[in-house]
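Architecture and fold: a report
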Amino acid sequence: MAEKLSIGKFLEGITDSMVRTELILFFHRNQFAMDVSGNIARWIGRDVRAVEKELDKLVDQGILDKMGDGPSAIYSYTQEIETIEVIDRFCHELTLGREKVRRAMEHLRASE
């Protein structure tokens, strides 16, 4: 069993990659998705080589599971409840932040 994921450790592992953050959001929103790297890259609109690299980092962090190797490897979201709860907190805060930015932009547009 993997080491319990704390919010601090989780954040340390994703802050250097926007692709990794997008992958986390994709799998958190689609928790039963199972697919190969090429298809996942198409889903999030990113280069497959960049996606493959980040998928493997997420596997190492215990956020994703991987079945098989090479281009036919299938990636899926973890089923570890404690890890999902940490990621849920992150996704919730990220959504709140985006909503604040959206409201600020609307306010600025209205003041023109």
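Placed above this text is the structure.
Everything in this summary refers to the structure shown in the same document. Since this is a predicted model, take the numbers as computed values, not measurements.

**Points about the overall build of the protein chain**
Helices and strands together make up the secondary structure of the protein chain, namely five helices and three strands. Starting at the N terminus and ending at the C terminus, the protein chain contains elements arranged as α-α-β-α-α-β-β-α. The burial tally for the protein chain puts 33% of its 112 residues in the buried class. Pairs at least 24 residues apart make up 57% of the contacts formed inside the protein chain by residues separated by at least 6 positions. Taken as a whole, the protein chain presents about 7,400 Å² of accessible surface, with 55% of it coming from carbon and sulfur.

**Some details on the pairing of strand β3 (residues 74-77)**
In the sheet, strand β1 (residues 34-36) pairs with β3 via three bridges, with the strands oriented antiparallel. Bridging across to β3, V36 finds its partner in I74. Sheet topology places strand β2 (residues 64-67) next to β3; four bridges connect them, and they run antiparallel. When the bridges of β3 are listed, K66 appears paired with Y75. A loop of six residues connects β2 with β3, the two strands running antiparallel in sequence, and G68 in this loop sits at a positive phi of about 95 degrees.

**Some thoughts on the pattern of salt bridges**
If you walk through the whole model with that rule in mind, you get four salt bridges. With its nearest N and O atoms 2.6 Å apart, the salt bridge here joins E22 to R46. Within this pair, whereas E22 is found in helix α2 (residues 18-29), its partner R46 is found in the loop between α3 (37-44) and α4 (48-61), the two being separated by 24 residues in sequence. The class for E22 is partly exposed, based on a relative accessible area of 22%.

**Comments concerning the side chain of H28**
Note on placement: H28 falls in helix α2. On the basis of relative accessibility, which here comes to 11%, the residue H28 falls in the buried class. Those residues within four positions of H28 in sequence are excluded, and the remaining contacts are Y77, I84, I87, D88 and C91.

**Some words on the packing of aromatic side chains**
Summed over all chains, the structure comprises two aromatic pairs. Ring plane angle 80 degrees and centroid distance 5.1 Å describe the contact between F26 and F27, whose orientation is recorded as edge-to-face. The exposure classification of F26 matches that of F27, with both residues buried.

**Points about a negative patch on the surface**
There is a patch of like negative charges on the surface, built from D65, E80, E82, E85 and D88. Of the residues forming the negative patch, the biggest block, three residues, is contributed by helix α5 (residues 81-110). Following the sequence through the fold, E82 ends up in helix α5. A residue is classified by how much of its surface remains accessible, and E82, at 41% relative accessible area, is partly exposed.

**What about the nonpolar core?**
Formed by 23 residues in total, the largest nonpolar core has its most connected members in L23, F27, V51, L55 and I63. The dominant element in this core, judged by the number of residues it contributes, is α2, at six residues. L55 has contacts with L23, F27, S37, I40, L64 and Y75, leaving out every residue within four places of it along the chain.

Parameters and conventions
Residues numbered from 1 in each chain as written. Predicted model: local features only at pLDDT ≥ 70, side-chain atom pairs only at ≥ 80, totals over all residues. Heavy atoms only, no water. Helix = DSSP H or I, 4+ residues; strand = E, 2+ residues; numbered from the N terminus. Buried < 20%, exposed > 50% of the residue type's maximum accessible area, 1.4 Å probe, protein only. Contact = heavy atoms within 4.5 Å. Areas by Shrake-Rupley, 256 points an atom, 1.4 Å probe, with all protein chains shown as cover. Pairing = 2+ DSSP bridges. Salt bridge = Lys/Arg side-chain N within 4 Å of Asp/Glu carboxyl O. Phe/Tyr/Trp six-rings, centres within 6.5 Å; stacked < 30°, edge-to-face > 60°. Patch = residues over 30% accessible without salt bridge, like charges linked within 9 Å, V, L, I, M, F, W, Y side chains within 5 Å. Lys, Arg positive; Asp, Glu negative; His and termini not counted. Charge placed at Lys NZ, Arg CZ, Asp CG, Glu CD. Core = buried A, V, L, I, M, F, W, Y, C linked by side-chain atoms within 4.5 Å.

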